[in-house]
Amino acid sequence: MTPKPRQYHITTFGCQMNKADSERMAGILEDIGFNWSEDPNNADLILYNTCTIRDNAEQKVYSYLGRQAKRKHQQPDLTLVVAGCVAQQEGEQLLRRVPELDLVMGPQHANRLQDLLQQVFDGNQVVATEPIHIVEDITKPRRDSTVTAWVNIIYGCNERCSYCVVPNVRGTEQSRTPEAIQAEMKELGRQGYKEITLLGQNIDAYGRDLPGSTPEGRHQHTLTDLLYYVHDVPGVERIRFATSHPRYFTERLIKACKELPNVCEHFHIPFQSGDNEILKAMKRGYTHEKYRRIIDKIREYMPDAAISADAIVGFPGETEAQFENTLKLVDDIGFDQLNTAAYSPRPGTPAALWDNQLSEEVKSDRLQRLNHLVAQKAAERSQRYRDRIEEVLVEEQNPKNPAQVMGRTNGNRLTFFPGKIEELKGEIVKVKITEVRAFSLTGEAIK
Ligand code: SAH
Ligand code: SF4
Ligand code: F3S
């Protein structure tokens, strides 16, 4: 009798980096004989890929972990793994807090999962959080989608925004070579993937650390050069990239996006605050005027480009007037989408130690006011799609309406229309938009 295959379950928190890492770790687990279990309670190995960007993200992990740690008392051969950013931040302390854990591994170690698990199966409790050079992954990721895929191009972040844990947990910048990126994209194209999002925490930093770069910062490997190098990979019809930093965003990049037909007219450029004093305290290295100039430039080349961003309210010391500068920026620019957050003090970051922290009431009041404006502006922006014909790349069935499929426009707007997923999955369909909402559209396919 062959033994029952071991089952694994991964729960992923946080950003696209974590999602991409989870897909690679799932690939490794399947390579060594594990099968996916939809229900975590049937799994023999549970991996939490964690996020620590804000306190509530971190707390969520502890509540999940608590439940599985209890289960381990009934099922001692259950393997419990904490990966990702909480693992990196807490390291050994996590083992003290949850002694049932078998493996604590930082994000730089994702590709080493097989080795680390071997140590666990040999009977060790393992913590892997030391900084390392990220090794290229030779396993195939187990990707959630068969249509869209993520490709990391640069890991880590060398910025020191005063509120942010990412540099602490993701380490210094490490760019992959253009050849490795292109090879992965070609393979994805061969497998039928239609859309690729290139990922980096500060994607504009791409290439700075590669050989051939010069100290003046003028180097042959920039994000723009990379786009020219990979834009025509066979089969890949859409390319996106995130996250852009206003400090490094160039006109050359804007031109490339305009010029290269497969690069989507979609920009995710967080501004964080619309106030120059706050931007300075955040150590962002740009002014709101500079940010506005970037958006103007994008719109000069691509009047219809979709613009999304992130913003923080209630940064230490933020006055009502300074918050209103953020509202003003949002009102003036008219984002298609904005991720908003109340400032959360994070361990190991400078801003967390300042004594001018705002109350939770002020922060949540500002967050609500900002969200209200965001929805209103997004609804306005959506109007431009009414009666238009948009190209929609079909990804899935609409989970709420099986008679419809869903996908995204070039500008990343979620769009629903009647159709059969078996026929349309992975197709780019021309859709006439009939209904618009703040963050999604509905339409009909045109023949
Ligand atoms: N590299 C990206 C952002 C990565 S973190 C950039 O530079 O913009 C994703 C988002 O989380 C940030 O854009 C910011 O809006 C939010 N964020 C980061 N740290 C935060 C904190 N301490 N409190 C609240 N929001 C935070
Ligand atoms: Fe964090 Fe700033 Fe780096 Fe973005 S650029 S990941 S906000 S330190
Ligand atoms: Fe969270 Fe780590 Fe991403 S802290 S936002 S998962 S880089």
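Residues numbered from 1 in each chain as written. Chains lettered and ligands numbered in written order. Predicted model: local features only at pLDDT ≥ 70, side-chain atom pairs only at ≥ 80, totals over all residues. Heavy atoms only, no water.

Engineer: Which residues make up the domain arrangement of the chain, and what values go with them?
Structural biologist: The domain boundaries assigned to the chain delineate domain 1 (7-128), domain 2 (148-384) and domain 3 (386-445). Put simply, the middle of domain 2 and the middle of domain 3, counted by C-alpha atoms, are 26 Å apart. On the side of domain 3, 19 residues touch domain 2, which itself brings 21 residues to the contact. Counting the contacts that link domain 2 with domain 3 gives 2 salt bridges. For D304, the salt bridge is made with R388, and the minimal N-O distance between the two is 2.8 Å. Mapped onto the side of domain 2 that touches domain 3, the elements with two or more residues apiece are β11 (238-242) and α13 (360-383). For the side of domain 2 that touches domain 3, the element with the most residues is α13, which contributes 7 residues. Looking at the side of domain 2 that touches domain 3, its residues break down into 6 nonpolar, 5 polar and 10 charged. (Domains from an automatic or database assignment. Contact = heavy atoms within 4.5 Å. Salt bridge = Lys/Arg side-chain N within 4 Å of Asp/Glu carboxyl O. Helix = DSSP H or I, 4+ residues; strand = E, 2+ residues; numbered from the N terminus. Nonpolar A, V, L, I, M, F, W, Y, C, P; charged D, E, K, R; others polar.)

Engineer: Please set out helix α12 (residues 320-333) residue by residue, giving values where relevant.
Structural biologist: If you check α12, its first and last C-alpha atoms are 20 Å apart, about what 14 residues at 1.5 Å a residue would give, namely 20 Å. Regarding α12, the residues found buried are Q322, F323, T326, L327, L329, V330 and I333. End-on view of α12: buried residues confined to an arc of 155°, all on one side of the axis. On its buried face, α12 is in contact with α10 (276-281), α11 (288-301), β13 (306-313), β14 (337-342) and α13. At the C-terminal side of α12, G334 shows a positive phi close to 70°. (Expected span 1.5 Å × (residues − 1). Buried < 20%, exposed > 50% of the residue type's maximum accessible area, 1.4 Å probe, protein only. Arc of directions from axis to C-beta.)

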